[in-house]
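Below, each chain spelled out in residue letters.
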Amino acid sequence: MKIITRTVSAIALAMSLAMPLVASANVQEMESKGKPNVLIDYFWRSTDIPFAAAEQLRGYVMESLVNTKRAEIMDVDTKSTLRIEAERREAGVEAGDDAERMKVMAQEGANFLVDGRITSLVTEKKKNDDGGIYYTSQVGYTLKVINPNDGKTILTRSFTHGGELFGDNVGNTPEEAVTKAVKKARDGVSGFFQEAFPLFGLLLEAGEVKDGKVNTAYMSLGEAHGVAKKDKFDVCVVREIAGRKSVKAIAEAEVTAVEGDDISAVKIKKNQKELKAAIDGGQTIVFKSVPKKAGGLGGFKL
């Protein structure tokens, strides 16, 4: 270590529009279950990075995905056909390059794979003004969401957590400093997963309609999907162009109240007249979640 009528099939159609790389078979699985099965693979690391630290980081990344309520989680440790020795990832074999392993993942029911590669883990010993010893740690890594059926990357991003700028990542021991650094992943990668696994819901009914504007509405997403007050959504219409389905954002919405497992009230923040016209025209209205931005320096790097 370096120191309307809401139907499942309609929602599945919206998901397929946003994730064109997903095979049709996977879309059918999502249609029946409502959420994709996502397998969290072992993280690649070099030999100087302890396995325990890598597993800590993977655990917090997994916890972040669980908290989004966007997926059914599959842990590689629970699959005997996928459990591998640490040396396999240390050898530099990335999941996206391991066709046979991905084939097994798909057979196990994984719709997506989360692959992690730890690029750095640096821990430093320091002295404060009183001569006391303390430690700081910083971890850098890259996450990929991969379709195991064809090996294509859906989304990838690099992250850095830790340091001592705010003084909350220091420890009395190297291990404590590392734990505090990797724990930042629990909140720092949530926006990444929200982007990789967007929520789609349908318009249930318009709420307040005044002066030709739809000011409030109800959508088919709620507590079961991890929706919270002040979450933001693009309001889209489904279009067909040259025989292909697509979605176009025409308005913006913000959740004002979560009223059940699959219902939330929203305020239409922009283009209320355009939304009214689309509803009057009989167009299918879809709500697509907008990822939350990571806060502070513990978030992702663009």
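Scroll up a little and you will see the structure.
Residues numbered from 1 in each chain as written. Predicted model: local features only at pLDDT ≥ 70, side-chain atom pairs only at ≥ 80, totals over all residues. Heavy atoms only, no water.

Engineer: Got a sec to walk through the pairing of strand 14 (residues 285-289)? Specific residues and values, please.
Structural biologist: Burial runs high along strand 14: four of the five residues are buried. As paired strands, strand 11 (residues 232-241) and strand 14 are joined by five bridges and run antiparallel to one another. By the bridge assignment for strand 14, V235 is matched with F287. (Buried < 20%, exposed > 50% of the residue type's maximum accessible area, 1.4 Å probe, protein only. Helix = DSSP H or I, 4+ residues; strand = E, 2+ residues; numbered from the N terminus. Pairing = 2+ DSSP bridges.)

Engineer: Summarise the environment of D280; cite the residues concerned and give the values.
Structural biologist: Mapped onto the elements of the fold, D280 is located in helix 9 (residues 272-280). Of note is the side chain of D280, whose polar atom sits 2.7 Å from the side chain of K276. (Polar contact = N/O pair within 3.5 Å; in protein donor to acceptor, adjacent residues only side chain to side chain.)

Engineer: Break down the sheet that holds strand 12 (residues 244-260) for me, citing the residues and quoting the values.
Structural biologist: Neighbouring strands of a sheet are bound in pairs by backbone hydrogen bonds; such pairs are parallel or else antiparallel. Read once around its circumference, the closed barrel built from six strands follows the order 7-10-13-12-11-14, with strand pairing classed as antiparallel. On average, each strand axis in the sheet is inclined to that of its neighbour by 45 degrees, with strand direction left out of account. Lying on the sheet, helix 9 is in contact with strand 7 (200-206), strand 11, strand 12, strand 13 (263-270) and strand 14; it crosses strand 13 at an angle near 125 degrees. (Axes fitted to C-alpha atoms, helices over the stretch in contact; angles between N-to-C directions. Contact = heavy atoms within 4.5 Å.)

Engineer: Now, about the nonpolar core: what can you tell me, with residues and values included?
Structural biologist: The biggest cluster of nonpolar side chains holds 30 residues, and the ones touching the most others in it are L57, Y141, L143 and F193. Breaking this core down by element, the ones donating at least two residues are strand 1 (37-40), helix 3 (51-68), strand 3 (112-127), strand 4 (133-146), strand 5 (153-162), helix 6 (174-183) and helix 8 (190-196). With seven residues, helix 3 is the largest single contributor of residues to this core. Here L57 is in contact with F43, I118, V139, Y141, V182 and A185, once residues within four sequence places are set aside. In this structure, V235, V237, I285 and F287 belong to the second largest nonpolar core, which totals 20 residues. (Core = buried A, V, L, I, M, F, W, Y, C linked by side-chain atoms within 4.5 Å.)

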